[in-house]
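# Chain and residue survey
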Amino acid sequence: MDTLLLIAELHAYLDNNDDPHIARKCWNSVLRIESSLESDPKYSKRERKIMASLRSTMSDVVGAFNDGLKPNITLVLVNLKHLESYLKRRTLGLDGFPLA
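What comes next is a walk through the structure. In this text the structure is predicted, and so the values were computed from the model without any measurement.

### Here we look at the side chain of Asn 79
Along the polypeptide, Asn 79 turns up in helix α4 (residues 74-91). At a separation of 3.3 Å, a polar atom in the side chain of Asn 79 contacts the side chain of Thr 57. Every residue in contact with Asn 79, bar those within four places of it in the chain, is listed here: Ile 50, Ser 53, Leu 54 and Thr 57.

Next up, the structure:
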């Protein structure tokens, strides 16, 4: 599956956080994003750093969800936006169509 679609899926989970299984869904989504990136031969060092930061911040959010608290998802959203912008730069052309 396309990594950008997986990022959009995680955004949707975070926006609709009243689901009782949201923590599991978010964590599985992060793992799928990481797996998708690991299989990409163009996976850069900078993207690896962003992914490590995303995993760290998401583990805090998942812990808050599991404790029944309202988590602060700001850092997760920032990391997702950075990762999304890096991926778009290397996968989409200036016209918005995928690079060959």
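### What to know about the nonpolar core
In terms of nonpolar packing, the biggest core is built from 24 residues, with Leu 10, Leu 14, Ile 33, Met 51, Met 58, Leu 80 and Leu 83 touching the most fellow members. For this core, the secondary structure elements donating two or more residues are α1 (3-15), α2 (22-38), α3 (45-66) and α4. Considering each element in turn, this core owes the most residues, 7 residues, to α3. Those residues in contact with Leu 14 that sit more than four places away from it in its chain are Cys 26, Met 58, Ile 73, Val 76, Leu 77 and Leu 80.

Criteria and thresholds
- Residues numbered from 1 in each chain as written.
- Predicted model: local features only at pLDDT ≥ 70, side-chain atom pairs only at ≥ 80, totals over all residues.
- Heavy atoms only, no water.
- Helix = DSSP H or I, 4+ residues; strand = E, 2+ residues; numbered from the N terminus.
- Polar contact = N/O pair within 3.5 Å; in protein donor to acceptor, adjacent residues only side chain to side chain.
- Contact = heavy atoms within 4.5 Å.
- Core = buried A, V, L, I, M, F, W, Y, C linked by side-chain atoms within 4.5 Å.
- Buried < 20%, exposed > 50% of the residue type's maximum accessible area, 1.4 Å probe, protein only.

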